[in-house]
Amino acid sequence: MTEASPAPWTATVLTLFPEMFPGPLGASLPGKALQSGLWALETVDIRDFARNKHRTVDDAPFGGGPGMVMRPDVLAAAIDATATGGEDEALIYLSPRGRPLDQARVREMSALRRLVLVCGRFEGVDERVIQARGMQEISIGDYVLSGGEPAAVVLIDACVRLLPGVVGAPEGLVEESFETGLLEYPHYTRPNPWEGREVPEVLLSGHHEKVRLWRREQAEAVTRTRRPDLWRRHGEAPKDKT
Ligand code: 4GX
């Protein structure tokens, strides 16, 4: 007899544009993992929860000003029909006002059972629905998108690649930027030379210990110059023996 497999890690996206999914999540690594049932994707069309015949989801801001705001009643109805409020689930609003996304947060979210991601359009959503439903606000960076959907894609992609069985060699994940607290060392492959540029000699030497030390130096140098913020935090973090 074959066992029914338990529900996989699931992303449920609340959006006015369900046709934007799976989008890039249907290709490459996340796409293959989706096909193999290692994770699941659901979309909920927020407009299905509109209450009038015109299916209105937005309205003018109180206090005046440009643009439109997503109505709290419509969004709350979509959330209440979707989210369970269980502690194996996170309810997230993607917004430039949110706490910046980082790899530690991605790791936590990939360890849950389900993410419910709310994608705002217009100037945003009524503040009261964020409070009333206890939504976590997360930003993918200091720039403004035309909607939360590309941010949801980014967040889901980052989570999915950490799920068991999605990335072939999990050792590779440990060495990565942000897991070590450093940016990655530079990579090289054939041909050598290429356009007159030589691959660093040490990489051709076969001395594994020298290669390891060279890569560590390179990672430190690039982190120090490009990301002084990461470099300072790396300096504060407890070091391992290597
Ligand atoms: N990281 N956007 C949210 C609507 C909006 C506008 C103003 C709150 C205030 C974004 C980001 C992002 C575009 C999603 C605007 N919400 N999301 N949307 N940066 O730019 O996550």
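Residues numbered from 1 in each chain as written. Predicted model: local features only at pLDDT ≥ 70, side-chain atom pairs only at ≥ 80, totals over all residues. Heavy atoms only, no water.

1. Overview of the pairing of strand β1 (residues 9-15)
Heads up, the rule is: Under the scheme applied here, a residue whose accessible area is under 20% of the maximum for its type counts as buried, over 50% as exposed, and between as partly exposed, the area being computed with a 1.4 Å probe on protein chains only. Secondary structure elements follow DSSP: runs of H or I no shorter than four residues count as helices, runs of E no shorter than two count as strands, and numbering proceeds from the N terminus. A pair of strands is labelled paired if DSSP reports no fewer than 2 bridges between them. Orienting the strands away from the viewer, one traces the path from the first strand over the helix to the second; a clockwise path indicates a right-handed crossover.
Across the seven residues that make up β1, a large majority, seven, are buried. Burial along β1 is two-sided: the residues Trp-9, Ala-11, Val-13 and Thr-15 and Thr-10, Thr-12 and Leu-14 are all buried. In the sheet, β1 pairs with strand β2 (residues 39-45) via seven bridges, with the strands oriented parallel. Looking at β2, one finds that Thr-12 is bridged to Glu-42. You can see the chain leave β1, run along helix α1 (residues 28-35) and come back into β2, and the turn it takes is right-handed. Relative to strand β6 (residues 114-118), β1 runs parallel, the two being bridged by five bridges. Residue pairing for β6: Leu-14 is matched across the bridge by Val-118.

2. Let's talk about the site of the ligand
Short version of the rule: We call a residue near a molecule or strand when any one of its heavy atoms sits within 4 Å of it. We call two N or O atoms a polar contact when they sit within 3.5 Å, provided that within protein one can donate a hydrogen and the other can accept it, with sequence-adjacent residues counted only if both atoms are side-chain atoms. Per-residue and other accessible areas were derived by the Shrake-Rupley procedure at a 1.4 Å probe size, with only the shown protein chains allowed to occlude residues. Method remark: on a 1 Å grid restricted to protein atoms, a set of points is classed as a cavity if a 1.4 Å probe fits but cannot get out and as a pocket if it is open with protein on both sides within 12 Å along at least five of seven lines; lining residues have an atom within 4 Å of a point. Put plainly, a molecule is in a cavity or pocket when over half of its atoms are within 2 Å of the grid points there. As a working rule, the residues Ala, Val, Leu, Ile, Met, Phe, Trp, Tyr, Cys and Pro are called nonpolar, Asp, Glu, Lys and Arg charged, and the rest polar, with Gly in that last group.
Not every one of the 18 residues close to the ligand is listed here, only the nearest: Tyr-93, Glu-123, Ile-140, Tyr-143 and Leu-145. Taking Tyr-93, its side chain carries an N or O atom lying 2.7 Å from a nitrogen atom of the ligand. Contacts to the ligand include Tyr-143, whose backbone N or O atom sits 3.0 Å from a nitrogen atom. When the free accessible area of the ligand is taken as 460 Å², the share hidden by the protein chains comes to 91%. Placement of the ligand is best described as lying within the second largest pocket. Of all the secondary structure elements, the ones that give two or more residues to the shell around the ligand are β5 (89-100) and β7 (136-139). No other element matches the four residues that β5 contributes to the shell around the ligand. Looking at the shell around the ligand residue by residue, the classes come out as 10 nonpolar, seven polar and one charged.

3. Some points on the side chain of Thr-10
Heads up, the condition is: Residue contacts follow a heavy-atom distance rule, with two residues in contact if any of their heavy atoms lie within 4.5 Å.
Here Thr-10 is to be found in strand β1. On the basis of relative accessible area, Thr-10 is assigned to the buried category, the value being 10%. In this structure the side chain of Thr-10 is engaged in a polar contact, spanning 2.7 Å, whose partner is the backbone oxygen of Pro-8. Setting aside residues no more than four positions away along its own chain, Thr-10 makes contact with Ala-40, Glu-42, Arg-113, Arg-114 and Leu-115.

4. A closer look at the sheet that holds β6
In sheet architecture, strand pairing relies on hydrogen bonds along the backbone and comes in two forms, parallel and antiparallel. The test is simple: All axes are obtained by fitting lines to C-alpha atoms, using only the stretch in contact for helices, and the reported angles, taken between N-to-C directions, cover 0 to 180 degrees.
In spatial order, the strands read β2-β1-β6-β5-β7; together these five strands make up an open sheet with parallel pairing. For this open sheet the edge positions go to β2 and β7, each flanked by a neighbour on one side alone. Mean inter-strand twist for the sheet, computed between neighbouring axes without regard to direction, equals 30 degrees. Sitting on the sheet, helix α5 (residues 149-160) is in contact with β1, β2, β5, β6 and β7, with an inclination near 175 degrees to β1.

5. Quick word on helix α3 (residues 103-110)
We count it as follows: The arc in question is formed by the directions pointing from the helix axis toward the C-beta atoms.
Among the residues making up α3, those that are buried are Gln-103, Arg-105, Val-106, Met-109 and Ser-110. Here the buried residues of α3 occupy an arc of 155 degrees about the axis, which is enough to place them on one side.

6. Overview of the nonpolar core
Let me state the cut-off plainly: In plain words, nonpolar cores are sets of buried Ala, Val, Leu, Ile, Met, Phe, Trp, Tyr and Cys residues tied together by side-chain atoms within 4.5 Å.
Counting 27 residues, the largest nonpolar core has Trp-9, Trp-39, Ile-92, Leu-115, Leu-155 and Ile-156 as the members making the most contacts within it. Contributions of two or more residues to this core are made by β1, β5, α3, β6 and α5. Broken down by element, the residue count for this core peaks at eight residues, all from α5. Apart from residues lying up to four places away in sequence, Ile-156 is in contact with Trp-9, Ala-11, Val-13, Leu-25, Trp-39, Leu-41 and Leu-117. Among the nonpolar cores identified, the runner-up in size contains 20 residues, and Val-74, Leu-75, Ala-76 and Val-118 belong to it.

7. Examining the confidence of the model for the protein chain
Selection criterion: Confidence of the predictor at the level of single residues is captured by pLDDT, which takes values from 0 to 100.
The predicted model of the protein chain has a mean per-residue pLDDT of 95, with 95% of residues at 70 or higher. Looking across the protein chain, the model is least confident in helix α6 (residues 171-175), with a mean pLDDT of 65, and most confident in β6, with 99.

8. Brief notes about the packing of helix α7 (residues 208-226) against helix α8 (residues 228-236)
Cut-off, in case you're wondering: Here the word oblique covers every angle except those under 35 degrees (roughly parallel), over 145 (roughly antiparallel) and from 65 to 115 (roughly perpendicular).
Between α7 and α8, the least distance of the axes is 5 Å, while the angle of their chain directions is 125 degrees. Between α7 and α8, the angle is such that the two are oblique. Between α7, through Arg-216, Glu-220, Thr-223, Arg-224, Thr-225 and Arg-226, and α8, the contact on the second element is made entirely by Pro-228, Leu-230, Trp-231 and His-234. Here the contact of α7 with α8 is built from residues that sort into three nonpolar, three polar and four charged.

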